[in-house]
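# Structural description and commentary
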Protein chains: 2
Amino acid sequence: MARPPANVAPGQIREQIIVAALHLFTQRGYFNTSVPDMARTAQVSVGSIYHHFKDKEDVARALYLSLMEGMQAELSLIAATHATARDRCRAVIAMLFQLTESSREAMDFMLYAKHKEFLPGERPVCSSLPFETMRDFVQQGMDQGEIRRMDVMVASACLFGGALRLITARLDGVLAEPLPDRLDAVWECAWRSIAA
Amino acid sequence: MARPPANVAPGQIREQIIVAALHLFTQRGYFNTSVPDMARTAQVSVGSIYHHFKDKEDVARALYLSLMEGMQAELSLIAATHATARDRCRAVIAMLFQLTESSREAMDFMLYAKHKEFLPGERPVCSSLPFETMRDFVQQGMDQGEIRRMDVMVASACLFGGALRLITARLDGVLAEPLPDRLDAVWECAWRSIAA
DNA sequence: CTATTATGAACGAACGATCATTCGAAACAA
DNA sequence: TTGTTTCGAATGATCGTTCGTTCATAATAG
């Protein structure tokens, strides 16, 4: 059995394709991006894309799942390094803000792409594992008495809604300043809205 | 110049096409909807669509602008019938919640379609007139001392972010109960977060 | 070692399907 | 009649996908 050529790292082509797809999908959208576009940007051939992925949709799915996995890893890290709901939720917002600045395209695609239009099988972002984990943080904070008793969905929406809205504004170019500059102000409002 | 046929009201065909487009765009998305699809759903011919609209994009634009106009009218009404920022903003959220229940597809298309992918000319929703009006409400509330002094964008995001997040959840089917049932709870959190 | 064969990654022209759009004719109103 | 609206088959362009081929490398034989 022949091994892949030694002059390129294994999985590197896949990575090139996924990175190119992320760039094009966020810039022009999934449906405005052709497979030849992806091949050109990734500097590989069309055939190579179909060698590594089942079809165009499969590229988008691999990208989406990979981003979701990364996000979930960040949340697990936060859960492991912070004890209270307050600390955890603040860390979540700080992380989201930083990620938006450092990986703007990833955040854009993960949070605001209309996945159901090109990934019919996947569940809506709202009910993805990361968002469920964030609601868990809130639920536990309510159980511990840190957060007022109320519907978990309402509490989560109010706690994270402001931050997510600001991320949208930033991604749309409506907010000029880096998000971390607004962390303290947003957090004060967010926590005040649901704190016991 | 011939007047339109007497057996159909003037502008009715246009309306049929726009309604069909709204239905299909929210159900499958703009790019998964073909012009023949629109013709079939609107019960008109393909040629008729091109008689009333320049092209497919023009249908989407007419739909979008019409929805935006309706939203702005609602906001103007609120501005005229409520004096304080507190009353105005609460009325805005109540209106958004009601509209989501009564015109789910309209809200979905207006707030969460990726317009820039098929309406390259239009500005992002964030910087549309309705959203600017909502920020104006907040700014005036800050000038009047009702709302704590802070960045207007941050305050607006925190005040409306929770409600908008809940609307997303509702549209995604993650929230089972009608939004108006949650109005009091959401409003208490929202106002608490920025009230002076 | 060298020569030969086997493997599968990479390629891109070509294919078939689908789409937005056009246009000439028919239908209808005035 | 004349001008407008409606129709849907035809057009041309574009897209996702396929597939025969090339070629570098690994495995094997001598």
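Remember, predicted model here, so these are calculated numbers, not experimental data. Just so you know, the residues in each chain are numbered from 1, in the order the chain's sequence is written. Chains carry letters from A onward and ligands carry numbers from 1 onward, assigned in written order. Owing to the predicted nature of the model, reporting of local features is limited to residues with pLDDT of at least 70; listing and counting of side-chain atom pairs is limited to 80 or more, with chain, interface and lining totals taken over all residues. The basis for every side-chain value is the complete set of heavy atoms in the structure, and neither hydrogens nor water enter the calculation.

### Remarks on the packing of aromatic side chains
Two aromatic rings, drawn from Phe, Tyr or Trp (for Trp, its six-membered ring), form a pair once their centres lie within 6.5 Å of each other, and the interplanar angle then sorts them: stacked below 30 degrees, edge-to-face above 60, tilted otherwise. Here the structure, examined in full by the defined rule, presents 15 aromatic pairs over all chains. Ring centres of Trp187 of chain A and Trp191 of chain A lie 5.4 Å apart, and the angle between their planes is 25 degrees; on these two criteria the pair is classed as stacked. Taken together, the positions of Trp187 of chain A and Trp191 of chain A, both in helix α10 (residues 183-194) and four residues apart, correspond to about one turn of that helix. Trp191 of chain A shares its class with Trp187 of chain A; the two are buried. Among the aromatic side chains, those forming a connected cluster through ring pairs are Phe25, Tyr30, Phe31, Phe109 and Phe118 of chain A together with Phe25, Tyr30, Phe31, Phe109 and Phe118 of chain B. Over the ring of Tyr30 of chain A we find Lys56 of chain A, and its NZ or CZ is 4.3 Å from the ring centre. In this text, helices come from DSSP runs of H or I with a minimum length of four residues, and strands from runs of E with a minimum of two, each type numbered from the N-terminal end. Each residue is assigned to one of three classes by its accessible area relative to the maximum for its type, calculated with a 1.4 Å probe on protein chains only: buried under 20%, partly exposed between the two thresholds, exposed over 50%. The rule is short: NZ of Lys or CZ of Arg within 6 Å of the ring centre and within 35 degrees of the ring normal puts a charge over the ring.

### A few points about unusual backbone geometry
One non-glycine residue, Gln43 of chain A, lies in positive phi territory at about 55 degrees. Among the secondary structure elements, Gln43 of chain A is positioned in the loop between α2 (35-42) and α3 (46-52).

### Some details on the relation of the copies chain B and chain A
Fitting of the copies onto one another was done by least squares over C-alpha atoms, counting residues only where both copies have pLDDT of at least 70. Mapping chain B onto chain A calls for a screw motion: a turn of 180 degrees about the axis and a shift of 0.0 Å along it, with 0.0 Å RMSD after fitting. Here the symmetry operator amounts to a two-fold rotation axis. A shared interface surface links the copies, since 100% of the contact residues of chain B are contact residues in chain A too. Whether two residues are in contact is decided by their heavy atoms, any of which lying within 4.5 Å being enough.

### Let's talk about the side chain of Ser156 of chain A
As for its position among the elements, Ser156 of chain A is in helix α9 (residues 152-171). Beyond its immediate chain neighbours, meaning those up to four positions away, Ser156 of chain A contacts Arg135, Val138 and Gly161 of chain A.

### Examining the domain arrangement of chain A
All names here are of chain A. Per the domain assignment, the segments of chain A are domain 1 (8-53) and domain 2 (69-194). Centre-to-centre separation of domain 1 and domain 2, based on C-alpha positions: 29 Å. Domain 1 puts seven residues into the contact, and the matching count from domain 2 is six residues. Approximately 580 Å² of surface area, both sides summed, lies buried where domain 1 meets domain 2, with 72% of it carried by carbon and sulfur atoms. For the side of domain 1 that touches domain 2, the residue count by class is four nonpolar, three polar and no charged. Residue ranges assigned to each domain were obtained from an automatic or database domain assignment. In this description, buried area is defined as the sum, over both parts, of the accessible area (probe of 1.4 Å) that is lost when the two are combined. Gly counts as polar in this scheme, as do all residues outside two lists: the nonpolar Ala, Val, Leu, Ile, Met, Phe, Trp, Tyr, Cys and Pro, and the charged Asp, Glu, Lys and Arg.

### Details of the confidence of the model for chain A
The predicted coordinates of low-pLDDT regions are not to be read in fine detail. Confidence in the prediction of chain A, expressed as mean pLDDT, is 94, and 95% of residues score 70 or more. The pLDDT score gives, residue by residue, the confidence of the prediction method on a 0 to 100 scale. Here residues 1-6 of chain A is modelled with pLDDT under 50, and outside its nearest four sequence neighbours on either side it reaches zero contacts, counting other chains as well.

### Quick look at the interface of chain B and chain A
With 43 residues of chain B in contact, the opposing surface of chain A contributes 43 residues. Of the roughly 3,400 Å² buried at the junction of chain B and chain A (both faces included), carbon and sulfur atoms supply 67%. By convention in these notes, a salt bridge is any Lys or Arg side-chain nitrogen within 4 Å of a carboxyl oxygen on Asp or Glu. With its nearest N and O atoms 3.6 Å apart, the salt bridge here joins Lys114 of chain B to Asp108 of chain A. For this analysis, a polar contact is any N or O atom pair within 3.5 Å, provided that within protein one partner can donate a hydrogen and the other can accept it, and provided that sequence-adjacent residues contribute only side-chain to side-chain pairs. The interface formed by chain B and chain A contains seven residue pairs in polar contact (both at pLDDT 80 or more). Ranked by the residues each element gives to the side of chain B that touches chain A, the list is headed by helix α9 (residues 152-171) of chain B, at eleven residues. Here the side of chain B that touches chain A is composed, by residue class, of 22 nonpolar, eight polar and 13 charged.

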